[in-house]
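# Structural overview for review
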Amino acid sequence: MNTQSEIIEYIQEQFSCSKVIKLEKIQTLWSGYGEISRYQVMVQDGAKNIIVKSIVPPNVPTHPKGWQGDVSHLRKIKSYQVEANWYQDYASTLSRASQVPHCFGVKSFAIDHPRHESSIILLSDLDASGFSVRKQHLSVDESKVCIKWLAIFHANNLQDNHLASWPKGLWATGSYWYLATRQNEYHAMQESNVKSAAYKLDDKLNRCRFKTIIHGDAKVANFCFSADLSKVAAVDFQYVGAGCGMKDLVYFMGSCLSEHDCQESYEELLEYYFSQLSAALQSRLDSCEIIEEWRPLFFVAWADFQRFLLGWSPEHHKINDFSSAITQRGISLVN
Ligand SMILES: Nc1ncnc2c1ncn2[C@@H]1O[C@H](COP(=O)(O)OP(=O)(O)O)[C@@H](O)[C@H]1O
Ligand SMILES: [Mg+2]
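Residues numbered from 1 in each chain as written. Chains lettered and ligands numbered in written order. Predicted model: local features only at pLDDT ≥ 70, side-chain atom pairs only at ≥ 80, totals over all residues. Heavy atoms only, no water.

Turning to the coordination of the magnesium ion (ligand 2), a few remarks are in order. Looking at the metal site, the magnesium ion (ligand 2) is ligated by Asn222 (OD1) and Asp236 (OD), spaced 2.2 to 2.3 Å from it. Taken together, the residues span a long stretch of sequence, with Asn222 in the loop between strand S7 (210-214) and strand S8 (223-225) and Asp236 in the loop between strand S9 (232-234) and strand S10 (241-243) at a distance of 14 residues. Both residues of the pair, Asn222 and Asp236, count as buried. (Donors = N, O, S within 2.8 Å, 3.2 Å for Na, K, Ca; no water. Helix = DSSP H or I, 4+ residues; strand = E, 2+ residues; numbered from the N terminus. Buried < 20%, exposed > 50% of the residue type's maximum accessible area, 1.4 Å probe, protein only.)

This part covers the pairing of strand S5 (residues 119-124). Most of S5 sits out of view: six of its six residues are buried. On S5, burial covers both faces: Ser119, Ile121 and Leu123 on one face and Ile120, Leu122 and Ser124 on the other are all buried. Bridge count between strand S3 (residues 46-55) and S5: six bridges; the pairing is antiparallel. The partner of Ile51 across the bridge, within S5, is Leu123. Direction of pairing for strand S4 (residues 103-108) relative to S5: antiparallel, over a ladder of five bridges. By the bridge assignment for S5, Lys107 is matched with Ile120. (Pairing = 2+ DSSP bridges.)

Consecutive side chains of a regular strand alternate in pointing toward one face of the sheet and then the other. Here strand S1 (residues 20-28) runs beside strand S2 (residues 34-43); their pairing, made up of seven bridges, is antiparallel. Residue pairing across strands places Thr28 opposite Glu35, the latter belonging to S2. Counted between consecutive antiparallel strands, the loop separating S1 from S2 contains five residues, among which Ser31 sits at a positive phi close to 60 degrees. Relative to S3, S2 runs antiparallel, the two being bridged by 10 bridges. Bridge assignment links Gln40 to a residue of S3, and that residue is Asn49. Two successive antiparallel strands, S2 and S3, enclose a turn made up of two residues.

Geometry of a packed helix pair, given as the angle between the helix axes and the separation of the axes. In the contact formed by helix H3 (residues 140-156) and helix H6 (residues 246-256), the axes pass within 10 Å of each other and the chain directions differ by 165 degrees. Between H3 and H6, the interaxial angle falls into the category roughly antiparallel. The two elements H3 and H6 cross, and the hand of that crossing is right-handed. Between H3 and H6, the contacting residues are Ser143, Cys146, Ile147, Leu150 and His154 on the first element and Asp248, Leu249 and Phe252 on the second. (Axes fitted to C-alpha atoms, helices over the stretch in contact; angles between N-to-C directions. Parallel < 35°, antiparallel > 145°, perpendicular 65-115°, else oblique. Left-handed = near helix turned anticlockwise from the far one by under 90°. Contact = heavy atoms within 4.5 Å.)

It is worth spelling out the pattern of salt bridges at this point. Opposite charge on two side chains permits pairing when their charged atoms draw close. The full count for this structure, using the stated rule, is 18 salt bridges. Across the salt bridge formed by Lys144 and Glu268, the nearest N and O atoms sit 2.9 Å from each other. On the criterion of sequence distance, the pair formed by Lys144 in helix H3 and Glu268 in helix H7 (residues 259-281) is long-range, its members being 124 residues apart. Judged by its relative accessible area of 18%, Lys144 is buried. Its relative accessible area of 40% is what places Glu268 among the partly exposed residues. Between Glu289 and Arg209 there is a salt bridge; the shortest N-O distance is 3.3 Å. Of the two residues, Glu289 is situated in helix H8 (residues 287-312) and Arg209 in the loop between helix H5 (193-206) and S7; the sequence distance between them amounts to 80 residues. Judged by relative accessible area, which is 31%, Arg209 ranks as partly exposed. (Salt bridge = Lys/Arg side-chain N within 4 Å of Asp/Glu carboxyl O.)

Here the focus is the site of ligand 1. In the region of ligand 1, 19 residues are neighbours, and Lys53, Ser124, Leu126, Arg134 and Gln238 sit closest. A distance of 2.9 Å is found between a nitrogen atom of ligand 1 and a backbone nitrogen or oxygen belonging to Leu126. In the complex, the protein chains occlude 92% of the 550 Å² of accessible area that ligand 1 would expose alone. At the level of elements, S1, S3 and S5 are the ones that each hand at least two residues to the shell around ligand 1. Among the residues making up the shell around ligand 1, the classes are represented as 10 nonpolar, four polar and five charged. A domain-level breakdown of the shell around ligand 1 finds at least three residues from each of domain 1 (3-124) and domain 2 (140-334). (Near = heavy atom within 4 Å. Polar contact = N/O pair within 3.5 Å; in protein donor to acceptor, adjacent residues only side chain to side chain. Areas by Shrake-Rupley, 256 points an atom, 1.4 Å probe, with all protein chains shown as cover. Nonpolar A, V, L, I, M, F, W, Y, C, P; charged D, E, K, R; others polar. Domains from an automatic or database assignment.)

Counting residues in each nonpolar core, the largest one holds 94 residues, and the members touching the most others are Trp86, Met246 and Trp294. Looking at which element gives the most residues to this core, the answer is H8, with 14 residues. Each of domain 1 (3-124) and domain 2 (140-334) contributes no fewer than three residues to this core. Ignoring any residue separated from it by four or fewer positions in sequence, one finds Trp86 in contact with Ala91, Leu94, Val100, Phe153, Leu170, Phe237 and Val240. One finds Ile7, Tyr10, Ile11 and Val20 within the second-largest nonpolar core, a separate group that totals 12 residues. (Core = buried A, V, L, I, M, F, W, Y, C linked by side-chain atoms within 4.5 Å.)

A separate point is unusual backbone geometry. A cis amide bond links Trp166 to the next residue, Pro167, at an omega of -5 degrees. With phi around 100 degrees, Ser175 is a residue other than glycine that occupies positive phi space. Note that Ser175 resides in the loop between strand S6 (159-160) and helix H4 (183-188). One non-glycine residue, Ser283, lies in the positive phi region at around 65 degrees. Residue position: Ser283 is located in the loop between H7 and H8. Residue Ser283 is classed as exposed on the basis of its relative accessible area of 70%.

So this is what it looks like as C-alpha cells:
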C-alpha cells in the first residue's frame, strides 16, 4: 500500500467516514522526512479540515546543511516518536491557556514492519480554530504573546529535583541542539573560548535544580497566531523534553527579534517571562528560587545555542555582536 492510500484509510478509520480529500501539501518535512498536509473529512456535522503530519524517512537521508549519517537520522526518527508520545500522553494535561492542536490519532508500525520508522499524526487544524497567521519577525510587543505562552507551558510541568526517569517517552534533555547529540558540529568548530567552554555550559544547564518540559524548537515559525496577534498556539513537539526554560526563551528571541530589539529589550522580556511564570505557577513552587537559578542561565543558554551555531553553520545570521556579547557573559558564569 502506498503512503497516500494508507493516510486516507487511517483517516477514514479514525473519523468513521468514507469521504476524505487531500486539500494541499503545506510543506515537506525537514530533510525530506515526509510532509505535512491539509485534508478534508466529511463527518456528521459537515466538512472538517485536519492536518496530517506524515513521516516517511528517505532511503538516503540528505540534509540541507550537508550533515548526514546515522546520528542525524536516528535523532530525527526519535524526534517523531517523541512528538507522537507527547501528543498522546502529555498534550491533554496542559492547562487551557497552553494552546496546541488536538491529536486525533497516531499510527505507527511495529518494530519488525518494513516501514517501522514511518508514522502518521492526525491533528486539528489550527487555522480553522482561529490561528491562521504565521510570522517570521516580531516586534518586542508582538513577541510577548509567545513569551507568555512559553511561561505558561513551562509552569505546567515545573519540577524541583525531578526523578531521573522523567519525562517518560520524551527527551531526557529537550531541544535539538544539546551537546551530546551534536558531536559532529562540536568537532567542526574552530578553536575558541566558546568551544573550550562547551562542556561547562552544557553541564550547567543539565544540572540545574529546577527543570520543566521545554518545547525544544520554540522558533517563531512554530507558533500560529490569531489575526489580531493577541493569541497564539504552538506546533512541532519533536524536541520536547526536560530542561531549563531559558533554553526556549533564548532560542525564541533569537528567531524573531532583530539584533537591535534583542539588545534594547532582552532584560524587559526576561522580566516579562518571569512575571508570567510566577503568575502561572500560582505559588505551587517558590518562584523567587526558580528566578534566582534561571536568570543567569539565560546567558548560559544563549551561549550554549551559539556553540551549536558556530559548529553547524558558522556564517549564520543569528551570530551577531549581541549574541556574541551575551555568549561571553554566559561563558564568564561557568569559568
Ligand atoms: N495543527 C496545525 N494546524 C495548522 N497548521 C499547522 C499545524 N501543524 C503544523 N502546521 C503548519 O505546518 C508547519 C510545519 O509543521 P511542523 O510540525 O512544524 O513541521 P516541521 O517539523 O517540518 O517544522 C508549521 O510551521 C505550521 O505553519
Ligand atoms: Mg516546524
